[in-house]
Amino acid sequence: MTTIRRVTRELRLSEPAEIDGYEAVFYAAFEQARHNRLVRWLWDWDHARRRLRTRIPYSDQRIWGMQSESGGLAGGIAVNVALRELQAAAYEFVLPAELAAIRDAGRLCEFLTLFSAREQSMRRMASLWREVFGDLRSAGFTHAVATTSPKVMPLYRWAGAHPIGETQVQGETRIFLAFDLLHTRRLYANN
């Protein structure tokens, strides 16, 4: 029997070295995105140390790091699992009633960031989504929300998201989107 090797591992957020490594790769992934003014405003940038993090506390997050072929960190997905604060609220998005009820039942999470510091194959990106979606489903989550720009929306549509809102912030469009994690299972089944 062949064992399928995961491309992700959940980071240990209680270990400063894990956080430091994650923040360095996160920074490297977005450092050149100078055209994206909203992420420069939304997240906490430490240019002197070349570190980047979201404003949601690590105690409210789960983060999966995508392993490079050599074993280092090549990217990641950060998820707000506590939802004490909604990152999307910075763009004045509000959860629709049906998602608020799912949040109140403890089954809604929020994707805070998805990034790759280096070009990754679609196969590896599909594995990343499949593994994270599976882990979230195993933890009892049934739905997720996120925000994105129109340029990146095709990636999220491919991952099963649908738009639930749109706004203009500082002259840029942001889309609020939702995932039904239970109905992505077929998309990410192992072949």
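On a predicted model such as this, the values are computed, not experimentally measured, just so you know.

Undergrad: What should I look at first to understand unusual backbone geometry in this one?
TA: In most cases, non-glycine residues show a negative phi, while peptide bonds are predominantly trans. Even without being a glycine, arginine 50 presents a positive backbone phi close to 60°. Considering the arrangement of structural elements, one finds arginine 50 in the loop between strand 2 (44–46) and strand 3 (51–53). Look at arginine 50 and you get partly exposed, because its relative accessible area is 40%. Here the phi dihedral of glutamate 92 falls at roughly 65°; this positive angle occurs in a residue that is not glycine. Looking at where glutamate 92 falls in the secondary structure, it is placed in the loop between strand 5 (73–80) and helix 3 (97–104). Glutamate 92 gets classed as exposed once you look at its relative accessible area, which sits at 71%.

Undergrad: Help me understand the sheet that holds strand 4 (residues 61–67), please; the structure alone is not making it clear to me.
TA: Consider a sheet: its strands pair through backbone hydrogen bonds, and that pairing is either parallel or antiparallel. Strand order in the open sheet made by the seven strands is 1-4-5-6-7-9-8, with mixed pairing throughout. The open sheet has two free edges, formed respectively by strand 1 (8–10) and strand 8 (162–169), since each of these has just one partner strand. Neighbouring strand axes in the sheet, compared pairwise and without regard to direction, differ in orientation by 25° on average. As defined by bridge partners, strand 6 (residues 108–116) adjoins strand 7 (residues 143–148) across three bridges and the pair is classed as parallel.

Undergrad: Whenever I open this one, the pairing of strand 9 (residues 172–180) confuses me. Can you help?
TA: On any regular strand, side chains alternate: one points to one face of the sheet, the next to the other face. Counting buried positions along strand 9 yields eight of nine residues, so the element is predominantly enclosed. Examined bridge by bridge, strand 7 and strand 9 share six bridges and lie antiparallel to one another. In the sheet register, threonine 148 faces strand 9, and the bridge partner there is isoleucine 175. Taken together, strand 8 and the strand that follows it, strand 9, pair antiparallel across an intervening segment of two residues, in which glutamine 170 is found at a positive phi of about 50°.

Undergrad: I'm lost on helix 4 (residues 122–138) in this one. Help?
TA: Relative to the 24 Å expected for 17 residues at 1.5 Å per residue, helix 4 spans 24 Å between its end C-alpha atoms, a close match to the ideal helical length. With 13 of 17 residues buried, helix 4 is to be regarded as a mostly interior element. Glycine 140 sits one or two residues past helix 4 and shows a positive phi near 100°.

Undergrad: Help me understand the packing of aromatic side chains in this model?
TA: Think of a pair of aromatic rings as described by two things: how far the centres are apart, and how the planes are tilted against each other in angle. All told, the structure shown has 20 aromatic pairs when counted by the stated rule. Both rings, one in tyrosine 22 and one in phenylalanine 26, keep their centres 5.6 Å apart while their planes meet at 40°; by these two values the pair is tilted. In this pair, tyrosine 22 and phenylalanine 26 both sit in helix 1 (residues 16–30), four residues apart, roughly one turn of the helix. Across this residue pair, the class does not change: tyrosine 22 and phenylalanine 26 are buried. Through successive ring pairs, a cluster of aromatic residues spans Tyr22, Phe26, Phe30, Trp43, Tyr58 and Phe115.

Undergrad: How should I be thinking about the nonpolar core in this particular structure?
TA: Side chains that are nonpolar tend, in soluble globular proteins, to be buried together. Within the largest apolar cluster, 35 residues are counted, with the highest numbers of intra-cluster contacts made by Tyr22, Phe30, Trp43, Leu95 and Val145. When contributions to this core are tallied by element, the ones reaching two or more residues are helix 1, helix 2 (37–42), strand 5, helix 3, strand 6 and strand 9. The dominant element in this core, judged by the number of residues it contributes, is helix 1, at six residues. In contact with leucine 95, not counting residues within four places along its chain, are Leu86, Ala100, Arg103, Leu108, Val145 and Phe176.

Conventions we followed
- Residues numbered from 1 in each chain as written.
- Predicted model: local features only at pLDDT ≥ 70, side-chain atom pairs only at ≥ 80, totals over all residues.
- Heavy atoms only, no water.
- Helix = DSSP H or I, 4+ residues; strand = E, 2+ residues; numbered from the N terminus.
- Buried < 20%, exposed > 50% of the residue type's maximum accessible area, 1.4 Å probe, protein only.
- Pairing = 2+ DSSP bridges.
- Axes fitted to C-alpha atoms, helices over the stretch in contact; angles between N-to-C directions.
- Expected span 1.5 Å × (residues − 1).
- Phe/Tyr/Trp six-rings, centres within 6.5 Å; stacked < 30°, edge-to-face > 60°.
- Core = buried A, V, L, I, M, F, W, Y, C linked by side-chain atoms within 4.5 Å.
- Contact = heavy atoms within 4.5 Å.

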